[in-house]
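# What the coordinates show
What follows is the residue order along each chain.
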Amino acid sequence: MRTDAAQIVRLEDYRPSDFLIERVELDFKLHPAATKVTATLSMRPNPAGRSDVPLALDGDEVNLKSVALDGRILEAGEFEARPELLTISQPPQGPFRLTIETEINPTANTRLMGLYRSSGNYCTQCEAEGFRRITYFLDRPDVLAVYTTRIEAELDEAPVLLGNGNPVESGSVAGTSRHYAVWHDPFPKPSYLFAIVGGRLGRVAKPFTTMSGRTVAIAVYVEPGKEDRAGYALDALERSMIWDEKVFGREYDLDVFNIVAVSDFNMGAMENKGLNIFNDKYVLASPETATDTDYANIEAIIAHEYFHNWSGNRVTCRDWFQLCLKEGLTVFRDQEFSSDERSRAVHRIAEVKTLRARQFLEDAGPLAHPVRPSQYREINNFYTATVYEKGAEIVRMLKTLIGDEDFRRGMDLYYDRCDGTAATVEDFLKAFADVTGRDLSHFARWYGQSGTPCVSVHGQYDEAAKTYRLDFKQHTLPTPGQPTKDPMVVPVALGLVAQDGQPMDAECERVDSRGVFVFDKAEDSIAFTGVASRPVPSVFRGFSAPVKVSLDLSNEELLILLRHDTDAFNRWQAAQTVAMRMLVSLSTGTQASDEDMGALSSAFRGFAQSDALRDPAFAALVLTLPSESDIAQEIGKDVDPTAIHHARRTMRQHIGRACFEPLTDFHRSLARAESYSPDAASAGRRALRNAALDLLTAADPQAGEKLASEQFEKAGNMTDRLASLNVLMTIPGTVRENAIASFEERYRNEPLVLDKWFTLQAAIPEDTTLDRVKRLMEHPAFSMNNPNRVRSLIGSFAMLNQVQFNREDGAGYAFLASIVLRADELNPQLASRLLTAFSTWRMMEPMRRGHARRALQSIAQKSNLSRDVGDIVNRSLEESPLL
Ligand code: TRP
Ligand code: ZN
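Note that residues are indexed from 1 along each chain, following the sequence as it is written. Going through the entries in the order they are written, you letter the chains from A and number the ligands from 1. It should be noted that, the model being predicted, local features are given only for residues of pLDDT at least 70 and side-chain atom pairs only at 80 or more, the latter also being counted only at that level, while totals for whole chains, interfaces and linings use all residues. Processing note: side-chain calculations cover all non-hydrogen atoms of the structure and skip hydrogens and water entirely.

## Topic: the packing of aromatic side chains
Stacked, edge-to-face and tilted are the three classes for Phe, Tyr and Trp ring pairs, Trp counted by its six-membered ring, which pair at centre distances within 6.5 Å; planes under 30 degrees apart are stacked, over 60 edge-to-face, the rest tilted. For the structure on display, the rule yields 44 aromatic pairs. Residues Phe 131 and Tyr 147 carry aromatic rings whose centres are separated by 6.2 Å and whose planes lie at 85° to one another, so their mutual orientation is edge-to-face. Here Phe 131, found in the loop between β11 (121-125) and β12 (145-154), pairs with Tyr 147, found in strand β12; they are 16 residues apart in sequence, far enough to count as distant. Burial status follows relative accessibility: with a 1.4 Å probe on protein chains alone, a residue under 20% of its type maximum counts as buried, one over 50% as exposed, and anything between as partly exposed. Of the residues examined, Phe 131 reaches a relative accessible area of 0% and is grouped as buried. Sitting over a ring, as applied to charges here, requires NZ of Lys or CZ of Arg to be within 6 Å of the ring centre and within 35 degrees of the ring normal. Over the ring of Trp 310 we find Arg 250, and its NZ or CZ is 4.6 Å from the ring centre. One residue, Arg 333, lies across the ring of Phe 248, its end atom 4.9 Å from the ring centre. Counting from the N terminus, the helices are the DSSP runs of H or I reaching at least four residues and the strands are the DSSP runs of E reaching at least two.

So this is what it looks like as structure tokens:
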């Protein structure tokens, strides 16, 4: 196995840069294959660094043309240039100007880091370490500089030229067919926030007036002809700007804010100062091409990148170990925004579903790491659910512990103190410690300890004394590199519910006025007095901590919570818990008793009949069973995905039959002829209607096929059309194949819609799917070079299709391994993301586990793996302390 210890970067080794860069002047002469870049860096030794050391600048595949120091061209012996490092052994002791000329080839750049081309347009991606692919630089987030950028291009090739900051000047280059634009960004920033764009782009824009009365031109740039699909993104941007002023008192700081949509992009979007660049999937929307989920994602990601202007850009990270400082906080902020714009309870459930599906999964496997890792080989592999989603949960817990007002005061102090600096997690926590006078050192363990804590809760009622005791225990399983674990500070929001469903107000001195008990030891007990009758405890309301909970409540008691709890999250959770218990029994061979199945079915029927229409979005979530991969995670070892698939189908059938009338009624009555609106209430009605269609079809495939085909034909929007096609996917035959063909025909010129079509087919749980996926790779719309296409077809097969990716014959694993190797030659970031689909391999039963191990080994054996793939494959194979 490859282990090059030398390449490990450690948090404990951090030291300040030996040199500072104060100003950067950049000149780009855009050309498809030979772009010339001249960088003039105003530098000086850092008083906080070492003196008399060489100057070493990072590079990556750049072609050096010349280096000059204070205007004098350096000769061969005065510097050493390697593709990844430019060294000047005797730099000046005082301030100096370094001028570096490089040449790069954006057309050949398939890694999509640095300067590259997408649909003929030029764009950049510099986080985390892409700037060094443009010029040699101190490419680390604690080197902050003021940038001025001149961009020159052929006028007809790139009529639009954008940079960071404010536009300063533009014009034509006399006597040529070229033109130029100059941009100046007055805010010092790290290189990872640098960006330029050049190309043919359409624009939608409007003026925005900030809280202090300044006018900002806000704009979204898209492929010409798609302007009518950019309106929702622009609207979401405006709402985000208003929200950050209102909720966090944060105002925007430049004269322009530009968003550009590109079709080749490694992730969702990027927060470059004043020039956000987006995966077009998270910008473009029309009722005919985007689903309700797409609209919600666009709103959330537009907000996320905008919010980074303060949490990330004005206050940035000292080093990449602090990534959660900007990402966790910004995810928290975008979640709060979406909750305020939509339904808080429904959004919370959606957040927790993704946290469990992605982060708990990560924490339970070979790639588990702390929210703030202490070492890495490849930083790109740490843009994870743990850093983002669990990072956001930590901020949320902090707010729960200290309350809304102190949280806002702490945020204000953090921004005040750290504005214009590159900060650490310690700086963040110190602001809250100072505002509240609390010691947050125990709480800070959430950043350093990986793994999901398991909390068990046991209740004991004393009839005679009218007291109720709750015993709490916590433990965390070992994770890679962390064999032993400490107890965490776990905020438990809780309440008691009477058997008849009424809330009980019993006394407990350990529970604060906000209903929160702080559980921070391995074991603890709290006691309520004045409890008139045996209560049902409702714990972790709103999912107040990112932990796994085991509760010794009966199904009957849980179903009381489903009906009556005042906390919507726990109503949903109660239904999920009961369903999960039965799904696990069914999947592992112990039949769920008819009695249990009957109780759940009738609870669902009761819910559907009496409750569901009050909040359709919530009802759709209650009526959706845990996913196959959730069930696999719950079982945890010797998993048989086929058994899980059958168990889930059986339960959907039962529930569909038990609720047939109300579901039929939802499907009929929630159909609206009115024109499409993406708002949360309308989306909620569509969600319930489509959840109903799914269950009806499970109960009666023939009737379902008819309903789904009708809906498919008549659908007035993509949400309904795609949902019906999704249901048709469960029924093999000509109706399905005809629908697949008609969808393809209708959207043949819509790459983002064909992505959905790829995804649905890749998820068909039938033995022929692997061949279908291979065939679809030959489809004219598919390309190994485009990350959205690869993720839609191959990523979906590996992540969504539990039965077929984990085929008994190992063919799914072998296929993914071969694709990872192909992708690695083009785009290592894309390849290593696909490879993370293997992170569940140790949970599988022995046959599958053996196949998966061999597939991983076949990758590990290859020479010339990228650092990205090498790192993931090695960690995936390492003997884990879990076993
Ligand atoms: N900082 C970006 C965000 O949170 C994500 C990001 C990191 C990214 N590295 C990237 C995006 C590389 C694209 C490519 O939104
Ligand atoms: Zn982010």
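## What to know about the packing of helix α10 (residues 568-587) against helix α14 (residues 641-658)
To describe two helices that pack against each other, one gives the angle between their axes and the distance between the axes. Look at α10 against α14: their axes get within 8 Å of each other, and the N-to-C directions meet at 130°. Comparing the axis directions of α10 and α14 gives the class oblique. The hand of the α10/α14 crossing is right-handed. Contacts between α10 and α14 involve Ala 579, Met 582, Leu 583, Leu 586 and Ser 587 from the former and Ala 643, Ile 644, Ala 647, Arg 648 and Met 651 from the latter. Only the stretch in contact is used when fitting a helix axis, every axis being a line fitted to C-alpha atoms; angles between N-to-C directions are given from 0 to 180 degrees. Each angle is binned into one of four classes, with values under 35 degrees roughly parallel, values over 145 roughly antiparallel, values of 65 to 115 roughly perpendicular, and all other values oblique. Definitions for this section: a left-handed crossing has its near helix turned counterclockwise from the far helix by less than a right angle. A right-handed crossing has that turn clockwise. Between two residues, a contact is recorded if the distance between any of their heavy atoms is within 4.5 Å.

## Quick word on the coordination of the zinc ion (ligand 2)
Surrounding the zinc ion (ligand 2) are the protein donor atoms His 304 (NE2), His 308 (NE2) and Glu 327 (OE), which sit 1.9 to 2.1 Å from the metal. Taken together, the four donor atoms coordinating the zinc ion (ligand 2) span angles of 97 to 129° at the metal, a pattern that classifies the geometry as tetrahedral. Shown as donors are all N, O and S atoms within 2.8 Å of a metal ion, widened to 3.2 Å for Na, K and Ca; because water is not in the atom set, sites may appear incomplete. Every donor residue of the zinc ion (ligand 2) comes from the same chain, spaced as H-x3-H-x18-E. Remark: Glu 327 occurs in helix α3 (residues 323-341) and His 304 occurs in helix α2 (residues 292-307); sequence separation between them is 23 residues. Across the pair, exposure class does not vary: His 304 and Glu 327 are buried alike. All geometry calls rest on donor angles, where a four-donor set with angles between 85 and 135 degrees is tetrahedral, four- and six-donor sets with opposite donors more than 155 degrees apart and all others between 65 and 115 are square planar and octahedral, and all else is irregular.

## What about the site of ligand 1?
Taken together, 14 residues surround ligand 1, and among them Glu 127, Glu 271, Glu 305, Glu 327 and Tyr 388 come closest. One of the side-chain nitrogen or oxygen atoms of Tyr 388 is found 2.9 Å away from an oxygen atom of ligand 1. Surface exposure here means Shrake-Rupley accessible area, sampled with a 1.4 Å probe, where a residue is shielded only by the protein chains that are shown. Within the complex, 97% of the 370 Å² of free accessible area of ligand 1 lies under protein. Residue assignment for the shell around ligand 1 shows that the elements contributing at least two residues are β20 (269-270), α2 and α3. Amino acids are sorted into nonpolar (Ala, Val, Leu, Ile, Met, Phe, Trp, Tyr, Cys and Pro), charged (Asp, Glu, Lys and Arg) and polar (every other residue, Gly among them). Split by residue class, the shell around ligand 1 holds six nonpolar, three polar and five charged. Residue ranges for the domains originate in an automatic or database domain assignment. Among the domains, domain 1 (21-307) and domain 2 (315-448) are the pair contributing at least three residues each to the shell around ligand 1. What makes a residue near a molecule or strand is one non-hydrogen atom of that residue sitting within 4 Å of it. In protein, a polar contact means a hydrogen-donor-capable atom and an acceptor-capable atom, both N or O and within 3.5 Å, with residues adjacent in sequence counting only if both atoms are side-chain atoms; elsewhere, any N or O pair within 3.5 Å suffices.

Note that all results are geometric; they support no functional claim without further evidence.
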